[in-house]
Amino acid sequence: MVRPIVFIGDSITEQWGNHRAATFAAHDLIPRGGSGQTARWITMRFRRDLEETGAGGVHLLCGVNDIGRNEGFFVPAEEITRILASMLDEAQAMGVKAWVGSIMPAARIPWNPEVKDAPAMIAAVNGWLRDNAHAHGATYIDYHSVLTDGSGGLRRSYGTDGLHLSKAGYAAIEPLMLTALGRLPSGTAAATAPARRSLRQRIAALLPVAR
């Protein structure tokens, strides 16, 4: 019997469950997203969400609201990663398999123009997760590489406000997510994910064809 996997996070997870409800239902995925919640807030419900759902796995995705200073103060990348690590350690202690997603790309924080270094902070947190998630019993999923415009921002066709994902954005990362979670055969993500073109290829596509 396949045990469900609970998705714990902020509005990115909340909207994922809303926009792609059929995917969640088909693959026994339970959305537990909270709009505006920071990683610290999520720690306060993390264990309860695991216990209430009886999930055999957890997909954790949060941190951008800490970067956006939703609690009214600056939170360094090192503190964000410490909080994420504490949740991964808790899942491991409970015998719950864990996956942790990269923070999505964003050139800016839409609701807080005072944050000037969002791409750098996102890169710092994601770099730490990439290099250290395994040591905390988790598998890292790199959504950022699929969604980025190449300069740290979110590709326009994949977003609604430069940070939150559109339905197309969620559809673009779902093969990667489902494969990582073991809900699809390996190799499917590479076969179904949109092809990424280099800047030179994109420019060439806009030039008139010589006749």
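Look up: the structure comes first, before these words.
Right, let's walk through the structure included here.

### Some points on the pattern of salt bridges
Phase 1 of the analysis: Counted by the stated rule, this structure contains 10 salt bridges.
Phase 2 of the analysis: Ionic pairing is found between Arg32 and Glu52, a salt bridge with its closest N-O pair at 3.3 Å. With Arg32 in strand β2 (residues 29-33) and Glu52 in helix α3 (residues 39-53), the pair connects residues that are 20 residues apart, well separated along the chain.
Phase 3 of the analysis: Exposure remark for Arg32: the relative accessible area of 26% places this residue in the partly exposed category.
Phase 4 of the analysis: Residues Glu90 and Arg47 are paired through a salt bridge, measuring 3.3 Å at the closest nitrogen-oxygen approach. Of this pair, Glu90 sits in helix α5 (residues 77-93) while Arg47 sits in helix α3, placing them 43 residues apart in sequence.
Phase 5 of the analysis: In the salt-bridge network here, residues are joined through shared partners; they are Arg32, Arg45, Arg48, Asp49 and Glu52.

### Remarks on the packing of aromatic side chains
Phase 1 of the analysis: One pass over the structure, following the stated rule, counts five aromatic pairs.
Phase 2 of the analysis: Seen from their ring centres, Trp16 and Phe24 are 6.2 Å apart, and the 75° between their planes marks the pair as edge-to-face. Like Trp16, the residue Phe24 is buried in the burial classification.
Phase 3 of the analysis: Ring centres of Trp16 and Tyr143 lie 5.7 Å apart, and the angle between their planes is 80°; this geometry places the pair in the edge-to-face category.

### Quick notes on the environment of Lys167
Phase 1 of the analysis: As for its placement among the helices and strands, Lys167 is situated in helix α8 (residues 167-180).
Phase 2 of the analysis: Sequence-wise, Lys167 and Trp16 are 151 residues apart; in three dimensions their C-alpha atoms are separated by 8.3 Å.

Thresholds applied
- Residues numbered from 1 in each chain as written.
- Predicted model: local features only at pLDDT ≥ 70, side-chain atom pairs only at ≥ 80, totals over all residues.
- Heavy atoms only, no water.
- Salt bridge = Lys/Arg side-chain N within 4 Å of Asp/Glu carboxyl O.
- Helix = DSSP H or I, 4+ residues; strand = E, 2+ residues; numbered from the N terminus.
- Buried < 20%, exposed > 50% of the residue type's maximum accessible area, 1.4 Å probe, protein only.
- Phe/Tyr/Trp six-rings, centres within 6.5 Å; stacked < 30°, edge-to-face > 60°.

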